[in-house]
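Fold and contact review
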Amino acid sequence: MKGYGLVLGGGGARGLAHVGVWEVLQAHGLRPGVVAGTSMGGLVGAFIAAGYSAADLERLARGVSWRRLLDFRPSPGLLRQSALRAWLSHHLPETFEELSTPLAITATDLLSGRAVYLTRGNLHDALRATTAYPGALEPVPYEDMLLSDGGILNQLPVDAALFLGARQVLAVNVTAPDPLELQERRVLLWRREASLGPVRALRRAVEIMQAQLTDARVNLYRPDVQLRPQLGDIDLITFGRTEQAIAAGREAALTQLPRLLTLTPAPDADADVGGTPAQTPR
């Protein structure tokens, strides 16, 4: 496989930082040979694999109503899945095989409890599955599986890029939750009856769990370069701060530009396409 693997982690609104990273990579001719992603990272990765430029992605990111498509607050989520399906059909090809760059999307099979890679077949279903945040968006039936958010088990799928044949990997990690602001912590400690509320507490617990799992997996599958954009208090659902998230990704990439330039870009010719069967990592 020629060219490095670009791995984009999940994180809801934090994943908009990937757009800023792509801007820097494209400006320096660093086109990946394969792309892998989870949740929001899978969605952005699909657009990159489909040939969207950084400018195209930025316009799309600023113009779309992310809350309409990906509202991660607990609810049945049926209406949002319908809106997401229509949006994907308008902007992306239907299958992995139609992409210009090989792509792997991670999801979690709720029936077997295992992580899976999706690399062929229906791209829209794969993207709906990887973004199906538990309790907010309905899981997606896919072949003999029932798929939900890839970030449950594999938030930063370096191993998926290796599975596609990448020998070098750039991973963009937007997972790690920042501590609660000091002032907010003080208020919560002073007012002992105060709480985060059940929805926010659940979201916070999931973020902490994902951060711990991601750190463990990164120690097992080490990327050649890892970017960790400084996103401050942007959280899973802070979609109103697109510009700040994109700028954070851009800054993270520029800061590590000398290391990024050591990556081997894909050749100018169109990358080979054609997926491989969905696999379950062992």
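Naming follows an unreviewed UniProt entry, where the protein chain appears as Patatin of Deinococcus arboris.

Focus on the overall build of the protein chain
A tally of helices and strands in the protein chain yields eleven helices and eight strands. Restricting to contacts in the protein chain with at least 6 residues of sequence separation, those with at least 24 account for 79%. Carbon and sulfur atoms form 54% of the exposed surface of the protein chain, whose accessible area is close to 12,500 Å².

Section: the packing of helix 1 (residues 17-27) against helix 10 (residues 242-255)
It is at 6 Å that the axes of helix 1 and helix 10 come closest, and there the two elements cross at 40 degrees. With respect to helix 10, the axis of helix 1 lies oblique. With respect to the hand of their crossing, helix 1 and helix 10 are arranged in right-handed fashion. For the pair helix 1 and helix 10, the contacting residues are A17, V19, G20, V21, E23 and V24 in the first and A245, I246, G249, R250, A253 and L254 in the second. For the contact of helix 1 with helix 10, the class distribution of residues is eight nonpolar, two polar and two charged.

Notes on unusual backbone geometry
A positive phi is found at S39, a non-glycine position, where the angle reads about 50 degrees. With respect to the helices and strands, the residue S39 is situated in the loop between strand 2 (34-37) and helix 2 (40-49). In the Ramachandran plot, E143 falls in the positive-phi region, its phi being about 55 degrees despite a non-glycine side chain. As for its placement among the helices and strands, E143 is situated in the loop between strand 5 (140-142) and strand 6 (145-149).

Notes on the packing of aromatic side chains
How two aromatic rings sit relative to each other is given by the distance of their centres and the angle of their planes. By the definition in use, this model includes three aromatic pairs. Ring centres of F47 and Y52 lie 4.8 Å apart, and the angle between their planes is 85 degrees; on these two criteria the pair is classed as edge-to-face. F47 gets classed as buried once you look at its relative accessible area, which sits at 2%. For Y52, a relative accessible area of 21% gives the class partly exposed. The structure contains a cluster of three or more aromatic residues connected by ring pairs, namely F47, Y52 and W87.

Parameters at a glance
Residues numbered from 1 in each chain as written. Predicted model: local features only at pLDDT ≥ 70, side-chain atom pairs only at ≥ 80, totals over all residues. Heavy atoms only, no water. Helix = DSSP H or I, 4+ residues; strand = E, 2+ residues; numbered from the N terminus. Contact = heavy atoms within 4.5 Å. Areas by Shrake-Rupley, 256 points an atom, 1.4 Å probe, with all protein chains shown as cover. Axes fitted to C-alpha atoms, helices over the stretch in contact; angles between N-to-C directions. Parallel < 35°, antiparallel > 145°, perpendicular 65-115°, else oblique. Left-handed = near helix turned anticlockwise from the far one by under 90°. Nonpolar A, V, L, I, M, F, W, Y, C, P; charged D, E, K, R; others polar. Phe/Tyr/Trp six-rings, centres within 6.5 Å; stacked < 30°, edge-to-face > 60°. Buried < 20%, exposed > 50% of the residue type's maximum accessible area, 1.4 Å probe, protein only.

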